[in-house]
Amino acid sequence: MPRRHGPILERYGVWLVAALFACITGLGVWSPLHRLDLLAYDAIEPVFRGPALTPASVIVAIDDDTLDALGQWPWSRAVHAEMIDRLDAAGVAAIGVSILFSEPGPDDTRLAASIAASGRVVLPVAPRAGSGGEGVIELLATAKLGEGAAAYGHVDVELDADGLSRRTFAQAGSGSPHWDALALATLKQASRASDGGAAQRVGADTWIRPVTSRTSWMRRGEILLPYPDGRGAPAYLSYFDVPSRPELLRQLQGKTVFIGATASGIDAALATPAGAQGGRMAAVEFHARAFEALRSGLVYRSADPVWTVVLSLAFLVLPATLFGRVPATLAFAGLLVAPPLGSGLALNTLQLWIPPMTALVGLILGSILWFALHLVRTRGSLNLALNDADATLRSIADAVITLDASARITLTNPVAEQLSGLSRSGARGQSIDALVRNHTEQAGWAIEAVLACLKTRRTIRVPDPIRWTTPDGEAHMLRLTATPVGGTGDGAVLALTDVTDTLAMTARLQHEATHDPLTGLPNRALLLDRLHQALANAERRGSLLALLFVDLDRFKRINDSLGHSAGDHVLRVAAERLQSSVRAGDTVARWGGDEFIILLDNITDTHAVVAVADKLLGLLERDLRTESGTDLVLSCSVGISIGPKDSKDAATLLSMADKAMYRGKIEGGHRYAFYSPEMNTWSRERLSLEAALHHALANREFELFYQPQIDIATSRLVGLESLIRWRRPDGGLVRPDAFIPAAEESGLICSIGDWAIGEALQQGARWRAEGLPPVPLSVNVSARQCSDMRIVDTIRHGLADTGLEPGLLKVEVTESTAMHSAERAAELLHSIDALGVGLSVDDFGTGYSSLSLLKRFPISELKIDRSFVGDVGREGDDAAIVRGTIALAHGLGMSVVAEGVETQAQLRFLAGQGCDAAQGYLFSQPLPAAEVREWLKAPPPHVPRSIHLISGTLH
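Residues numbered from 1 in each chain as written. Predicted model: local features only at pLDDT ≥ 70, side-chain atom pairs only at ≥ 80, totals over all residues. Heavy atoms only, no water.

**Q** Looking at this structure, I do not really get empty space enclosed by the protein. What am I missing?
**A** In the structure shown here, the tally under the stated rule is 4 cavities of 30 Å³ or more. Of the voids in this model, the largest cavity is the one considered here, and its volume is about 240 Å³. Pro226, Tyr227, Arg231, Arg289 and Ala293 are, among the 20 residues lining the largest cavity, the residues nearest its centre. Every element with two or more residues in the lining of the largest cavity is listed here: β7 (165–174) and α11 (283–296). The biggest single contributor to the lining of the largest cavity is α11, with 5 residues. (1 Å grid on protein atoms, 1.4 Å probe; cavity = no way out; pocket = protein on both sides within 12 Å on 5 of 7 lines; lining within 4 Å. Points joined across faces, edges and corners; volume = space filled by probe spheres on them. Helix = DSSP H or I, 4+ residues; strand = E, 2+ residues; numbered from the N terminus.)

**Q** How should the layout of surface pockets be read in this particular structure?
**A** To find the voids left in a structure, one rolls a probe of water-molecule size over its atoms. The computed volume of the second largest pocket comes to approximately 650 Å³. In terms of lining, the second largest pocket is formed by 26 residues, of which the most central are Trp73, Ser98, Ile99, Leu100 and Ile266. Looking at the lining of the second largest pocket, the elements with two or more residues in it are α4 (77–90), β3 (121–129), β6 (157–159), β11 (256–261) and α11. Tallying contributions element by element places α11 first for the lining of the second largest pocket, with 3 residues.

**Q** Looking at this model, I keep getting lost on the sheet that holds strand β20 (residues 544–552). Mind explaining?
**A** Adjacent strands of a sheet pair through backbone hydrogen bonds, lying either parallel or antiparallel. One open sheet accounts for 5 strands, arranged β21-β22-β20-β25-β26; its pairing is mixed. Edge positions in the sheet fall to β21 (587–592) and β26 (671–674), since each has one partner strand and no second. Averaged over all pairs of adjacent strands, the angle between their axes in this sheet comes to 20 degrees, without regard to strand direction. Here strand β25 (residues 636–643) pairs with β26 via 4 bridges, running parallel. Among the inter-strand pairings, Gly639 is bridged to a residue of β26, identified as Ala673. Packing against the sheet, helix α23 (residues 564–580) makes contact with β20, β21 and β22 (595–603), and its axis sits at approximately 10 degrees to β22. (Pairing = 2+ DSSP bridges. Axes fitted to C-alpha atoms, helices over the stretch in contact; angles between N-to-C directions. Contact = heavy atoms within 4.5 Å.)

Don't take any of this as a statement about function, it's just geometry.
Structure representation (structure tokens):
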């Protein structure tokens, strides 16, 4: 069945079945249901019965006492005549006799006279089965007795399905319902008497009604009597007592008297609903009660079965509407009382008995079916929910263990099974204490949490993770949470969250936050934290600490020449060597770039600091081979400050160590220096120098000097190298080595370099305008200028502004600059070459060259550094380097210029090796532009003379 039809079937289908059942049972005659309706009537009627009149009837009973006194039954009819006379004399309203005088007897004349004289006597009519298939005949009193009777009344009583008498009929008779009931006939007679009307006679022709064969007994006007309880019960007087006690007769005035037998064996007793409580009821009492019910208007009629069914169906509409909208138990309880309540109200207001059991059983049947179907659906939903819960439990990443109130395991999920090594069935019933103790040494925490949770019914979390070892030896860090389930006396759920990866990630993140990723050393933040702690400890202990600020010498040249990968390798090796030079408790941190900080804690004097400084200088000086196979020798500059002697402030101590290190680097590097107060003065001077450079650039205080380059073979002037000078406002001239380092550090070198290119081009244009012979001008550019392509635009704009031929400009880059970031350097150099500008490599031999890269660059000239030229005359290593450089350059199609030539011997060696040009003090020191004019016209005489001297030697 499709799922969408389920709710419809549940809400309406079951009630349609109940309605069909109500129709079948209500329209049919189903004895069990009819019996239930009769029981319901006996229970409902007394509750909803209306008020009754005060009883006006008295039973004169022929009881056992009377039989004892007057003798065996039947008596002489004169006895009955005397009773009627006395009752008539007492002024009774009517006399209903339930004794049949159907056979003639002695003293009939006497009794007939009394009956006739009274005129208030109602005689009974009883149905009797005829003989020989004559049907039902009417049994009446003898004709003599009946002539004087006021009326006849039938004593026919209906037996219900349960064999009890609850009803009679207003009229009944053989062939047609023409006799009133004895109670009704008596009531009519009593009413006439109270109204003062004359008594009526039945007449002689009513003694017996002739019937035809198979005449049936006919009934009309059902009279359903109230439940025979104490209310409306007639009074009893003994037949024997009435004649003998005048006071009793006086009490009977205006009353209606019923005469009948109540003695055992002659009472014609009837089984009534009250019989179960007090025995059978005499027939005379039944008719007397019927009289009182008719008199009070408390008689009922039964509803037609069709209307019973219709009303039952109406009751069944309510649950079909309510079930599913309100709580089922509440709806069921409320609807169960609806049919009995409706029947009771119909009795009270309409004197109509509507049997409730058809509706009630229909409601019960429908409810049972509804609950059964709902149970099936609920069970299916529960199974589905159970499956979903089990799937959810299995999919939870945490280990889940459910416990009963005794802390014994009832359920585990797969994660818990993996951690414990036990299956779900294997773990069930075990104590959580025993399970946990097998896997962790911190079992006490877990047990305390579980017991506290079970006792307080609150969620308990173990604050710290516990270490858990699985059966295969794998270690996990678990966070435990115990949560109560249900109410008091129920169990709990123990959740074990695996935080192993989280803790590892946290530790890794914490390490990364406090350590340098390249070297693994503590970073600046961790160093500062340890430095503050060390300062506090030193003050408390009265000891000292030392900060060693270590900076690698010429590290930038390594980075520029060999690349960042080689530089990173050097930094890692340096970090390892620094760590090996100190104690285990000391801190070696990377400050940034090629700078390291060493914190020596708890020292007593500076001798230990000197020993460490000497040790680390020696360790760093050892040979180092890069991953590419290049052999290097490291050195460093170390600045030292002592705390809290020099300062109690961490930042101040670091600044002092930095100043000491920088002072050592300025003095040549590869040394250590302790901080001294005069270093502050030097630092202030450095800041003043940087500020003065800014002003110098803005005020055009820089000048270019030019050093001639001489062709060794011809003594001709073949080039001029432009060299910057700074003329201070006071007239002093500052050499480049005094301010270029400060310009490099402050970043002004790019602006100064751009000015130098522009000034050299403008000077060349001025000389050309003066008609002087053009000579190529060389301009040095810094590494910072080569860090991007902006220098190409600077050259292009300078050439365009001056109109100078590009071939008259030569750009000099250092060997380290050319080798740094080879791909970018190649792109830059090719862009400059594309402008027509020449390219020269300055200080060749002092850096780290790659010949394969050198061949890829558009270089036209190599310049041999002065450090190699100085000792070439001694035929040592420098001579070999110069000789090899010249041969290499010529092999690559490049010209060679030697720098720093100061003696004839140096010139003679260079000429002998085929060097193309030379510059140096042998020919001229750098000259201002005004003095260069004469050189452009013709070199001074000493130049060709120097060339002539070596020419003779060479020949």
